[in-house]
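Structural description and commentary
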Amino acid sequence: MNRDKLISQVKDEYARIASSESQQHFHQTTTEITPEAYYENLLGKAISEINRGTFDNFKSGEEIVNAIANDKSWLSNWK
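Parameters at a glance
Residues numbered from 1 in each chain as written. Predicted model: local features only at pLDDT ≥ 70, side-chain atom pairs only at ≥ 80, totals over all residues. Heavy atoms only, no water. Helix = DSSP H or I, 4+ residues; strand = E, 2+ residues; numbered from the N terminus. Contact = heavy atoms within 4.5 Å. Buried < 20%, exposed > 50% of the residue type's maximum accessible area, 1.4 Å probe, protein only. Arc of directions from axis to C-beta. Core = buried A, V, L, I, M, F, W, Y, C linked by side-chain atoms within 4.5 Å.

1. Structural notes on the environment of A18
Tracing the sequence through the fold places A18 in helix α1 (residues 3-20). Here the alpha-carbon distance between A18 and P35, two residues 17 residues apart in the chain, equals 5.6 Å. Dropping the residues within four chain positions of it, A18 is found in contact with P35, E36 and Y39.

Printed below as a string of structure tokens:
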């Protein structure tokens, strides 16, 4: 799959997740950061990894988002 298409799918997936997050639940599980800021940060890092070729064997943006959700080590600069 081409990287631009993967990036577009990942953007859509993170936008969907961020919009469905409950603000109250999110604040109970993380620091004082909005869901939008959190997912924007993840999105930026995911796009960097897609451009590096990290996810070249993945078939969809949803697959990438799920992989990152389950293991942040996919993101080389995740803190």
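More follows now that the structure is in view.
2. Looking at helix α4 (residues 61-70)
Every buried residue belonging to α4 is among G61, I64, V65, A67 and I68, and all of these are buried. Buried residues of α4 fall within an arc of 160° about the axis and therefore sit on the same side. Away from the buried face of α4 by more than 90 degrees, exposed residues A69 and N70 are located. On its buried side, α4 packs onto α1 and α3 (35-52).

3. Thoughts on the nonpolar core
Of all hydrophobic cores here, the largest spans 20 residues; its most connected members are V10, Y14, Y39, L42, I50, I64 and I68. Elements with a minimum of two residues in this core: α1, α3 and α4. In this structure, Y14 is in contact with Y39, L42, L43, A46, V65 and I68, ignoring residues within four places of it in sequence.

Purely spatial values, then, with no claim about function.
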